[in-house]
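Breakdown of the fold
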Amino acid sequence: MADKTDEKKGGGKAWIGALALCTLVAVGTGAGLGLYLMTSVEKAVDQKTREAKEHEKAAKVLNYSGELTLRSVGSVVTNLAEPADSWIRLESSVVFKTGSLPTPDITVAEIKADIIAYLRTLSTAQIEGASGLQHLREDLNERVALRTKGAIRELIVEALVVQ
């Protein structure tokens, strides 16, 4: 009978030892995983911070600086060449250096007339899609630069509606 009670006590000690060993393994694994995740999160945060700083530096670069003026050309509404029942409405503005145009109001009126004349030669297929819009912008900028002998820096298309 005494042998059975000693085995139960020894078995209880072995059980507590195994439980303590499992607890130590779990604590060690948890600590290792925690350290790994902490370092990977720190690296990701540092990388995001660096990217944000680079983005801020890139955003500070301005296309326009100095004494520039933005003048609205206004709305231009005209029909297109093809199909004959389609209409186009274009709102735009021009950017130029202050004082480079002796009579800006007259120049803007001439630009507006040039835009109308150009738009009447277009078909809807020529201005479809992103590439069509890009070609339209480039053509209008070229016409404006020729009209003003380079005094106007850019023509900005604000709105374009085709019906």
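Rules behind the numbers
- Residues numbered from 1 in each chain as written.
- Predicted model: local features only at pLDDT ≥ 70, side-chain atom pairs only at ≥ 80, totals over all residues.
- Heavy atoms only, no water.
- Pairing = 2+ DSSP bridges.
- Helix = DSSP H or I, 4+ residues; strand = E, 2+ residues; numbered from the N terminus.
- Axes fitted to C-alpha atoms, helices over the stretch in contact; angles between N-to-C directions.
- Contact = heavy atoms within 4.5 Å.
- Core = buried A, V, L, I, M, F, W, Y, C linked by side-chain atoms within 4.5 Å.
- Buried < 20%, exposed > 50% of the residue type's maximum accessible area, 1.4 Å probe, protein only.
- Polar contact = N/O pair within 3.5 Å; in protein donor to acceptor, adjacent residues only side chain to side chain.
- Salt bridge = Lys/Arg side-chain N within 4 Å of Asp/Glu carboxyl O.
- Patch = residues over 30% accessible without salt bridge, like charges linked within 9 Å, V, L, I, M, F, W, Y side chains within 5 Å.
- Areas by Shrake-Rupley, 256 points an atom, 1.4 Å probe, with all protein chains shown as cover.
- Parallel < 35°, antiparallel > 145°, perpendicular 65-115°, else oblique.
- Left-handed = near helix turned anticlockwise from the far one by under 90°.
- Nonpolar A, V, L, I, M, F, W, Y, C, P; charged D, E, K, R; others polar.

**Structural notes on the sheet that holds strand 3 (residues 152-162)**
Spatial ordering of the open sheet is given by 1-2-3, a layout of three strands whose pairing is antiparallel. One side of each edge strand has no neighbouring strand; the edge strands of this open sheet are strand 1 (68-79) and strand 3. When strand polarity is set aside, the average angle formed by the axes of neighbouring strands in this sheet is 20°. Pairing of strand 1 with strand 2 (residues 87-97) involves 11 bridges; the strand directions are antiparallel. In the strand pairing of strand 2, L68 is matched with K97. Sheet strands touched by helix 2 (residues 104-119): strand 1, strand 2 and strand 3. Its angle to strand 1, the strand with the most contacts, is close to 35°. Each of strand 2 and strand 3 touches helix 3 (residues 129-148); the most contacted strand, strand 3, lies at about 140° to it.

**Description of the nonpolar core**
Residues V94, I115 and L119 are the most contacted members of the largest nonpolar core, which totals 20 residues. Within the residue set of this core, elements represented by two or more residues are strand 1, strand 2, helix 2, helix 3 and strand 3. Per-element accounting of this core gives the leading share, five residues, to helix 2. Excluding anything up to four places from it in sequence, V94 contacts T69, L70, R71, V73, V108, I111, I152, E154 and L155.

**A short note on the side chain of D114**
One can find D114 in helix 2. Polar contacts involving the side chain of D114 include one to the side chain of R147, which spans 2.8 Å. Not counting the four nearest positions on each side in its chain, D114 is found in contact with R143 and R147.

**So, the pattern of salt bridges**
Applying the stated criterion across every chain, the model contains five salt bridges. Notably, a salt bridge pairs E110 with R147, separated by 4.0 Å at the nearest N-O pair. Of the two residues, E110 sits in helix 2 while R147 sits in helix 3, which places them 37 residues apart along the sequence. Several salt bridges share partner residues, and in doing so they unite E110, D114 and R147 into one network.

**Section: a nonpolar patch on the surface**
A cluster of nonpolar side chains, contributed by W15, I16 and L19, occupies part of the molecular surface with about 390 Å² of accessible area. Considering the arrangement of structural elements, one finds L19 in helix 1 (residues 2-59).

**Looking at the packing of helix 2 against helix 3**
Here helix 2 crosses helix 3 at 135°, and the two axes come no closer than 10 Å. The pairing of helix 2 with helix 3 is recorded here as oblique in orientation. The interaxial crossing formed by helix 2 with helix 3 has right-handed handedness. Here helix 2 contributes T107, E110, I111, D114, I115, Y118 and L119 to the contact with helix 3, which in turn contributes L136, D139, L140, R143, V144, R147 and T148. Considered class by class, the residues forming the contact of helix 2 with helix 3 number seven nonpolar, two polar and five charged.

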